[in-house]
Every structure is written in structure tokens, then in C-alpha cells.
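Architecture and fold: a report
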Amino acid sequence: VQLQASGGGLVQAGGSLRLSCANSRRTLSNYATGWFRQAPGKEREFVAAISWSGTSTYYADSVKGRFTISRDNAKNTVYLQMNSLKPEDTAVYYCAAGRLPSHYVGTGQYEYDYWGQGTQVTVSS
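For the structure given in this document, a descriptive report is provided here.

1. Quick notes on the overall build of the protein chain
- Scanning the protein chain from terminus to terminus reveals 0 helices and 11 strands.
- In sequence order, the secondary structure elements of the protein chain are arranged as β-β-β-β-β-β-β-β-β-β-β.
- The C-alpha radius of gyration of the protein chain comes to 13 Å, within 12% of the 14 Å expected for a compact globule of 125 residues.
- Seen along its three principal axes, the alpha-carbon backbone of the protein chain occupies a region of about 40 × 25 × 25 Å.
- Per-residue burial for the protein chain yields a buried fraction of 48% across its 125 residues.
- A separation of at least 24 residues holds for 59% of the contacts in the protein chain among residues at least 6 apart in sequence.

2. Brief notes about the sheet that holds strand E1 (residues 3–6)
- Strand order in the open sheet formed by 4 strands is E1-E3-E8-E7, with antiparallel pairing between adjacent strands. The outermost strands of the open sheet, each flanked by one partner alone, are E1 and strand E7 (67–72). Sheet twist, expressed as the average angle between the axes of neighbouring strands with direction ignored, equals 15°.
- Of the strand pairs in this sheet, strand E3 (residues 17–23) and strand E8 (residues 77–82) are connected by 6 bridges, and their pairing is antiparallel. Along E8, the bridge assignment pairs Leu19 with Leu80.

3. Here's the deal with the nonpolar core
- Counting 35 residues, the largest nonpolar core has Trp35, Val47, Phe67, Ile69, Leu80, Met82 and Tyr93 as its most contacted members.
- Within the residue set of this core, elements represented by two or more residues are E1, E3, strand E4 (32–38), strand E5 (45–50), E7, E8, strand E9 (91–98) and strand E11 (119–124).
- In this structure Leu80 touches Leu17, Arg18, Leu19, Trp35, Val47, Ala48, Phe67, Thr68, Ile69 and Tyr93, once residues within four positions along its chain are discounted.

Rules of the game
- Residues numbered from 1 in each chain as written.
- Predicted model: local features only at pLDDT ≥ 70, side-chain atom pairs only at ≥ 80, totals over all residues.
- Heavy atoms only, no water.
- Helix = DSSP H or I, 4+ residues; strand = E, 2+ residues; numbered from the N terminus.
- Rg over C-alpha atoms; globule rule 2.2 N^0.38 Å.
- Buried < 20%, exposed > 50% of the residue type's maximum accessible area, 1.4 Å probe, protein only.
- Contact = heavy atoms within 4.5 Å.
- Pairing = 2+ DSSP bridges.
- Axes fitted to C-alpha atoms, helices over the stretch in contact; angles between N-to-C directions.
- Core = buried A, V, L, I, M, F, W, Y, C linked by side-chain atoms within 4.5 Å.

Spelled out as C-alpha cells, the structure:
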């Protein structure tokens, strides 16, 4: 599994971005996928995750109602739609994949075996 995260950039507060996480070597459809982020000087934290079946999702309280995670198994890609962005959303965003039960959503970093390289999201006030 080789994950590639993309879609980051600079956006004003209130704006939107869509991050993508693609697996270039193997289908992502059998892997639960999560997004985590790490702001400068802070520990990496959970943002959102989706089960490999796509039937279960889970969000951190800080992004609930603003971010949406989805997957398109035909395109081997998982997305994170981020709306109403705030300066505190500024961070490097990482996607991760793990072999978890079909309806299970993992929120812990230890549950994920494969990690992408990260994409920078900067939200200006």
C-alpha cells in the first residue's frame, strides 16, 4: 500500500478544500481509511475516518458538521471535503489505511498500518 495525499493549499477562513488520498499500488477498497492532522508544536490528532465498506464514518468533534469523508472505491480514492475552514484547521493532513473489520472505524493512530506523506492546509484569518 502506498498512499498519496493531495489537495492541500492556502485558503481564507470560511473557504473550502477537498483532500484526496489515493493508493497507487493496491486497491484501497479493503482498507479503512482515516485522516489525521498535525499542527506546528502539537501532536498529531484524529480528524475523520471511514470504514472500508463505506457504511460507517466518524469525526472529531472539532470538525463535525464541517468536514465530510467519503470514498470512491472505483477510483481507489478517499476524500475529505472541508468546508467552513477556520485558522485552527491549519495543519499537515495525513491519510492512513488499515485492515480493520468491514464496518469498523478506527480513531487511533495505532490502528493504521500505512501512512501517506501529508499535505499542508493553511487557513488565513
